[in-house]
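Here is what each chain is made of, one letter per residue.
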Amino acid sequence: MDTLLKKTMINFECLYFLNSPQLCIIEINATDLLTDIQDHHQWLLINKLTLDVKELQFKAMDASHEIEERFFDLGYLKFGTEKGVYISKEPAVQYPLQNTNCDEIPGHIMEAIARHLNGNSIIFL
């Protein structure tokens, strides 16, 4: 009997969408992942030119009533209700961001996220 390889489609919910002309940073909740519960929340860094998706490994956070801060393996993110900034580690580049409604994520970015998630979730039938 032949074994068929089937990719499952992972559903996800956007929690934050921070956007710039060069890149966007999105926090998602992917509850369909067949992994530990802490892996369901992911921060993704997407290069808008190449649609390359990198997972940002969460290190720490700080928050006040108006400002959120996240520290990742690849950089630092600070944002409020309207604006933010991402500072990459290598090379040290600062990207101004707009805190955008998750309903406004362009289709090609959604497809890049889906490809990334689905590439990490394969089951054998």
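Residues numbered from 1 in each chain as written. Predicted model: local features only at pLDDT ≥ 70, side-chain atom pairs only at ≥ 80, totals over all residues. Heavy atoms only, no water.

Participant: Looking at this model, I keep getting lost on the environment of Cys 24. Mind explaining?
Facilitator: Considering the arrangement of structural elements, one finds Cys 24 in strand 3 (residues 23–29). Given a relative accessible area of 0%, Cys 24 falls into the buried group. What Cys 24 contacts, discounting residues up to four positions off in sequence, is Phe 17, Leu 18, Asn 19, Leu 44, Leu 45, Ile 46, Lys 48 and Ile 109. (Helix = DSSP H or I, 4+ residues; strand = E, 2+ residues; numbered from the N terminus. Buried < 20%, exposed > 50% of the residue type's maximum accessible area, 1.4 Å probe, protein only. Contact = heavy atoms within 4.5 Å.)

Participant: Mind showing me how you'd approach unusual backbone geometry here?
Facilitator: Phi is mostly negative for residues that are not glycine, and the peptide bonds are mostly trans. Following Glu 90, the chain continues into Pro 91 via a peptide bond in cis, with omega recorded as -10°. Looking at the secondary structure, you find Pro 91 in the loop between strand 9 (83–88) and strand 10 (94–100). The phi torsion at Leu 51 lies on the positive side, around 60°, for a residue other than glycine. Tracing the backbone shows Leu 51 in the loop between strand 4 (41–47) and strand 5 (53–56).

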